[in-house]
Amino acid sequence: MHGYEMIQEIAERSGGAWKPSPGSVYPTLQLLEDEGHIGSATEGGKKLFSLTEQGVQAAEEGPDAPWDQVGRGVDWESVNEIRQAGFGLMEAFGQVWKTGSPDQREKALAVVNEARKKLYLILADEG
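Since we're looking at a predicted model, the values are computed, not measured.

1. Points about the overall build of the protein chain
Logical step 1: Within the protein chain, the regular secondary structure consists of six helices and two strands.
Logical step 2: Seen in sequence order, the protein chain has helices and strands lined up from the N terminus as α-α-β-β-α-α-α-α.
Logical step 3: Relative to the compact-globule value of 14 Å for 127 residues, the protein chain shows a C-alpha radius of gyration of 22 Å, a clear excess of over 25%.
Logical step 4: In terms of overall dimensions, the protein chain has a C-alpha envelope of 60 × 35 × 25 Å along the principal axes.
Logical step 5: Each of the 127 residues in the protein chain was classed as buried or not, and the buried ones make up 13%.
Logical step 6: Sequence-distant contacts, at least 24 apart, represent 31% of the contacts inside the protein chain between residues at least 6 apart.
Logical step 7: Just so you have it, the protein chain exposes about 9700 Å², and 56% of that area is on carbon and sulfur atoms.

Here's what the structure looks like:
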């Protein structure tokens, strides 16, 4: 598969907990190719990668897949709730910032800063 497909596959296998960036995937693919663990071929304008015999052997001898460990014990429902809450907050803040008056922007910034402080106080058991 090509690099973008690998990024999507890792994200899917880890339940969304790990989505590597192209800036980390492509140099790693080049390193693996330089070391002889993978080979590549261009097909339809895309560079496709596959394991070499050496790569298969290294994979079999290596540790378990990292995505198997990443998702263990994770409450995915809570993770999704947290993501939705964070994205919702940023969407609302962005809307105020784009369309609000200077006074409304100042108030929105104060709300976000206050929320951040309150979250840290929760960790300090003072909130």
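2. Concerning helix α1 (residues 3-13)
Logical step 1: Residues of α1 that are buried: Gly3, Met6, Ile7, Ile10 and Ala11. The arc enclosing the buried residues of α1, seen along the axis, measures out at 135°, which places them on a common side.
Logical step 2: Just past α1, the residue glycine 15 takes up positive phi, approximately 65°.

3. Looking at the packing of α1 against helix α2 (residues 22-34)
Logical step 1: Direction vectors running N to C along α1 and α2 enclose 120°, while the axes themselves pass 10 Å from each other. Looking at the two axes, α1 sits oblique to α2. Here α1 runs over α2; the crossing is right-handed. Facing α1, whose interface residues are Gly3, Tyr4, Met6 and Ile7, α2 presents Pro22, Val25, Tyr26 and Leu29.
Logical step 2: Split into classes, the residues belonging to the contact of α1 with α2 amount to seven nonpolar, one polar and no charged.

4. Quick notes on the environment of glutamine 30
Logical step 1: Relative to the helices and strands, glutamine 30 is located in helix α2.
Logical step 2: In this structure the C-alpha to C-alpha distance between glutamine 30 and serine 40, which are 10 residues apart in sequence, comes to 9.6 Å.

5. Brief notes about the packing of aromatic side chains
Logical step 1: Under the counting rule described, the total for this entry stands at one aromatic pair.
Logical step 2: Ring geometry for phenylalanine 93 versus tryptophan 97: centroids 5.6 Å apart, planes at 25°, classification stacked. With a gap of four residues between them, phenylalanine 93 and tryptophan 97 both fall in helix α5 (residues 76-99), about one helical turn apart.
Logical step 3: Under the relative-accessibility criterion, phenylalanine 93 is labelled buried at 17%.
Logical step 4: A relative accessible area of 38% means that tryptophan 97 is categorised as partly exposed.
Logical step 5: Positioned above the aromatic ring of tryptophan 97, the side-chain terminus of arginine 105 is 5.2 Å from the ring centre.

Here is what the cut-offs are and how they apply
- Residues numbered from 1 in each chain as written.
- Predicted model: local features only at pLDDT ≥ 70, side-chain atom pairs only at ≥ 80, totals over all residues.
- Heavy atoms only, no water.
- Helix = DSSP H or I, 4+ residues; strand = E, 2+ residues; numbered from the N terminus.
- Rg over C-alpha atoms; globule rule 2.2 N^0.38 Å.
- Buried < 20%, exposed > 50% of the residue type's maximum accessible area, 1.4 Å probe, protein only.
- Contact = heavy atoms within 4.5 Å.
- Areas by Shrake-Rupley, 256 points an atom, 1.4 Å probe, with all protein chains shown as cover.
- Arc of directions from axis to C-beta.
- Axes fitted to C-alpha atoms, helices over the stretch in contact; angles between N-to-C directions.
- Parallel < 35°, antiparallel > 145°, perpendicular 65-115°, else oblique.
- Left-handed = near helix turned anticlockwise from the far one by under 90°.
- Nonpolar A, V, L, I, M, F, W, Y, C, P; charged D, E, K, R; others polar.
- Phe/Tyr/Trp six-rings, centres within 6.5 Å; stacked < 30°, edge-to-face > 60°.
- Lys NZ or Arg CZ within 6 Å of the ring centre and 35° of its normal.

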